[in-house]
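Here is what each chain is made of, one letter per residue.
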Amino acid sequence: MFESFLGGFAILFNPETVVMTFVLMSTGLFLGMFVGALPGFTTLMALAILLPISFFIHPLLGIPFLLGVYKGGIYGGSIPAILVSMPGTGAAVATTFDGPALTKKGEARKALEIALFSSVTGDLTSDLITIALIGPIAAVALLLGPPELAAILMMALIVIAGTSSGVFVKGLLMLAVGLFLGMIGQDPIGALSRFSFGITEIEAGIPILPMLIGLFALPEIFVAIEKKATEIIDAASVKISGARLSWLEFKGCLRTIFRSTAIGTSIGMIPGVGQVVAAFMGYAAAKSASKTPEKFGKGELEGIAAAEAANNAVNGPTLVPLLTLGIPGDNLTVILVGAFIAHGLRPGPQLMEEQGPLVFAILIAMVLANILFIFIGYICIPLFAKVVTIRKSLLLPLTLVFAFAGTWVFRSNPYDLAILVIFGALGYMAKKLQFDVTPLAMGFILGQPLEYAFGQTVILSSGNLVSYIFLERPITAAIIVLTPLITYLMWRRSMRLRRQFGAEE
Amino acid sequence: MASDTATGDEAAAGGRVNFNTVAAAVFITLAVVLFFIIPGQIDKPLINLGGAGMSNLEAETFPQIIAGAFFLLGVWYLFVSFRLRQRNLLRDLNLEAITNVLVTLVIMTAYVWLILFLGFVVGSVIMVFVMSTYFGNRNYILGFVVSLAVPLLVFVLFTKPLVTSLPPFPVDEMIPNNWVIYPPLKYLSNKSIF
């Protein structure tokens, strides 16, 4: 693995691509912050509509671009949260506890700067931990055979389905829908046609890009247009005032930042929890550890630092289960899987073995992105503050333009536009009926590898599956036996967090 | 998972039969339909490949497992649904919201048609201008400038640096070649920027 790590530097600093990698990463960060700063526009939507751009460029350029959008979007949400008490993303809800109070006191600049520095510190530290962990975990993952992989995939899918929405069985049903949709096309072992219903356009399966954009971007647009753009934020009311953040003030928040980073990093590695819970947990931990908890909620810098460091610290570690086992931990990483698959790179143990240097190059780029993050964030704070005031009536149709263009360029097939709209409507209905579409997308993406691993297991067992697993594959047997228990514990934990923080993006 | 009802944000319970019960019935029906269509919707192998015969693993096996899981989960959901106290958010939609969503769906459908027949840029200009006006933009000049500039930018981004294709404006079919605007439009079209 260490050779792969060193190889990653060689790939990243290839003179032919290094400049473009950083240019695209900066563009991604800028766009992420821009969208994050727009109240009502989520990072998820930004990732979904910008995903197609990554399809047509080298993975070393495209995936860091999306990671930039991811990082920038999570931070960008704090800007309207601080200035106008409207969180740009769900991850920034905890920032509204202290941000607007500081703005009212005339210290908006200080609040925005502590949000930026805490986000970057949390992000950078967790990225370094991610790189340190990914090698050993990938090395262990490589020892797994098809039976173990099938068992792990099954467990991960059930855990994510169970923890993603409030009602366990609804998550599992969405997972089953995703697995069914993933079966449309060809079976992964015999390549026999399945469930194409005579429609030639889906004989190779439902195209992933229109499905992801439809499921994750269009419902956000539908929700946003339920009300016409009556709530326009007056540009004159958005002012960045007050003194800059001093080194002493930042130093005073360092303990909180590192505590929140630890919380965010741990949460990032657990599938199905996410930034929202991390931000609330970071905030709650900072408040209980503070000597002056009564100041929290009334304009406390540490409150912003705690929430922002925690939510950004989730970003890097979500890649650990993704890259080592092929399991995306949340809806944002599901979209990243789409980018990997488009380049013929299926996340999982084999990816680390076959493309280790490339994966490490992407991870190193992710660490270095934090330097760009701090520069772009610092320079563009006044600009992003103005973004808050842009009218939705103009932005929503433009989002549709990106969504449709991105879908079209995938296969230049009008049928894909229909798939986009159908999945958009499905996603909107699901949202309104309180179904989470994340398990659906995960079932769709992981269904084929699961079926393939299951098929290989059946072949290895020579028809005697149960005795093969329980007598010859003790790890598989242990995972199968422990799945209900782990699922129950994770579900209980997620329900407790949900009740405690009411966290739902 | 006995305490499935503990979802926190839910408000109105409604009767024993609620939208979740209806959704559960739909899922059960889908599972049954799935069982019936499996034999007809999965091709049969002409020869045994990949050890399929050796392991009795067929292309139908996994779909049957999923259909079975679908059915069992549907039944579980049906029983749980009577105790669920979730709000059907579709019922919260007022007339304005329903109208807006339907108008957007119509605009999207029309947009597909516009892209196919007028090309990406012209179709997008019309869609963005109409939609932004409908949703409250009253600065028409700004609306038109944005409607034109962004689709042009997206078109150039996808066709030039990303080397993909978007439907171009059908210059030859839409503009007579003796019109003044024909040569510049044809030039732009040939350069893949319109």
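Residues numbered from 1 in each chain as written. Chains lettered and ligands numbered in written order. Predicted model: local features only at pLDDT ≥ 70, side-chain atom pairs only at ≥ 80, totals over all residues.

With that out of the way, let us pick up the overall build of chain A. Looking only at helices and strands, chain A features 23 helices and two strands. Computed over the C-alpha atoms, the radius of gyration of chain A is 22 Å, within 12% of the 23 Å expected from 2.2 N^0.38 for a compact globule of 505 residues. A principal-axis box enclosing the C-alpha atoms of chain A has dimensions of 70 × 50 × 45 Å. Put simply, chain A has 505 residues, and 65% of those count as buried. When contacts within chain A are restricted to residue pairs at least 6 apart in sequence, long-range pairs at least 24 apart make up 79% of them. (Helix = DSSP H or I, 4+ residues; strand = E, 2+ residues; numbered from the N terminus. Rg over C-alpha atoms; globule rule 2.2 N^0.38 Å. Buried ≥ 20, exposed ≤ 12 C-beta atoms within 10 Å, placed from the backbone. Contact = placed C-beta atoms within 7 Å.)

Broken down by element type, chain B carries eight helices and zero strands. When the helices and strands of chain B are listed from N to C terminus, the series reads α-α-α-α-α-α-α-α. A burial count over chain B gives 30% of its 194 residues as buried. Long-range pairs, those at least 24 residues apart, make up 64% of the contacts in chain B between residues at least 6 apart in sequence.

Turning next to the environment of B:Trp113. Looking at the secondary structure, you find B:Trp113 in helix H4 (residues 95-118). Overall, the presence of 12 C-beta atoms within 10 Å leaves B:Trp113 in the exposed class.

All names here are of chain A. Contact geometry for helix H7 (residues 108-142) and helix H14 (residues 301-313): axes closest at 7 Å, N-to-C directions at 35°. Considering the relative orientation of H7 and H14, their crossing is right-handed. Counted together, Lys110, Ala111, Ile114, Ala115, Ser118, Ser119, Thr121, Gly122, Asp123, Thr125 and Ser126 of H7 and Leu301, Ile304, Ala305, Glu308, Ala309, Ala310, Asn312 and Ala313 of H14 form the full contact between these two elements. Per-class residue counts for the contact of H7 with H14 are nine nonpolar, seven polar and three charged. (Axes fitted to C-alpha atoms, helices over the stretch in contact; angles between N-to-C directions. Left-handed = near helix turned anticlockwise from the far one by under 90°. Nonpolar A, V, L, I, M, F, W, Y, C, P; charged D, E, K, R; others polar.)

Let's shift gears to the nonpolar core. Taken as a class, soluble globular proteins show a tendency for nonpolar side chains to be buried jointly. By size, the foremost hydrophobic cluster in this structure holds 226 residues, and its most contacted members are A:Leu47, A:Ala48, A:Leu66 and A:Leu212. Ranked by residue count, the leading element in this core is helix H18 (residues 356-387) of chain A, at 16 residues. Looking at which domains feed residues into this core, each of domain 1 (1-92) and domain 2 (95-190) of chain B supplies at least three. The contact partners of A:Leu66, leaving out residues within four places of it in the chain, are A:Gly28, A:Leu47, A:Leu50, A:Leu51, A:Ser54, A:Leu336 and A:Ala339. (Core = buried A, V, L, I, M, F, W, Y, C linked by C-beta atoms within 7 Å. Domains from an automatic or database assignment.)

Of note, the phi angle at A:Phe195 is positive, near 50°, even though the residue is not glycine. Secondary-structure assignment places A:Phe195 in the loop between strand E2 (193-194) and helix H10 (208-216). Judged by the 21 C-beta atoms lying within 10 Å of it, A:Phe195 falls in the buried class. One non-glycine residue, B:Val163, adopts positive backbone phi at about 50°. Following the sequence through the fold, B:Val163 ends up in the loop between helix H6 (140-159) and helix H7 (171-174).

Let us now look at the environment of A:Thr389. Its location among the elements puts A:Thr389 in the loop between H18 and helix H19 (392-411). Each C-alpha atom, one on A:Thr389 and one on A:Gly36, is 13 Å from the other, the two residues being 353 residues apart in sequence.

At the interface, 61 residues of chain A touch 67 residues of chain B. Looking at the side of chain A that touches chain B, the elements that each hand over two or more residues are helix H9 (168-183), E2, H19, helix H20 (414-432), helix H21 (438-460) and helix H23 (474-501) of chain A. Tallied by class, residues from the side of chain A that touches chain B come to 39 nonpolar, 11 polar and 11 charged.

A few words now on helix H12 (residues 247-269) of chain A. All names here are of chain A. With 23 residues, H12 should reach 33 Å at 1.5 Å per residue; the first-to-last C-alpha distance of 31 Å fits that figure. Along H12, the sharpest kink reaches roughly 40°, centred on leucine 254. Burial in H12 covers these residues: Cys253, Thr256, Ile257, Ser260, Thr261, Ile263, Gly264, Thr265, Ile267, Gly268 and Met269. Contacts from the buried residues of H12 go to H7, helix H13 (275-289), H14 and helix H15 (319-325). (Expected span 1.5 Å × (residues − 1). Bend = angle between axes of the 7 residues up to and from the residue.)

All names here are of chain B. Two elements in contact, H4 and helix H5 (residues 120-134), have axes whose closest approach is 7 Å; the angle formed by their N-to-C orientations is 160°. Of the possible angle classes, the one that applies to H4 and H5 is roughly antiparallel. Read as a crossing pair, H4 and H5 show a hand that is right-handed. Facing Val103, Ile107, Tyr111, Leu114, Ile115 and Leu118 of H4, the residues of H5 in contact are Phe120, Val122, Gly123, Ile126, Met127, Val130, Met131 and Tyr134. Residue classes in the contact of H4 with H5 are distributed as 13 nonpolar, one polar and no charged. (Parallel < 35°, antiparallel > 145°, perpendicular 65-115°, else oblique.)

A few words on H21(A). Given 3.6 residues per helical turn, the α-helix brings residues three or four places apart onto the same face. Residues and elements named next belong to chain A. Across its 23 residues, H21 extends 32 Å between first and last C-alpha, which sits within 8% of the 33 Å expected from 1.5 Å per residue. At leucine 446, H21 shows its maximal kink, close to 45°; a proline, proline 449, follows between one and four residues later. In terms of burial, H21 is largely enclosed, as 20 of its 23 residues are buried. Of the residues one or two after H21, serine 462 is the one with positive phi, at around 55°.

Another point: the confidence of the model for chain B. Residue and element names in this part refer to chain B. Predicted confidence across chain B gives a mean pLDDT of 83, with 86% of residues reaching 70 or more. No element of chain B has a lower mean pLDDT than helix H2 (residues 52-55), at 50, and none a higher one than H5, at 94. Overall, residues 2-14 carries pLDDT values under 50, and its contacts beyond four positions in sequence, including any with other chains, amount to 22 contacts. Predicted complex, confidence summary: ipTM 0.86, pTM 0.84. (pLDDT = per-residue confidence, 0-100.)

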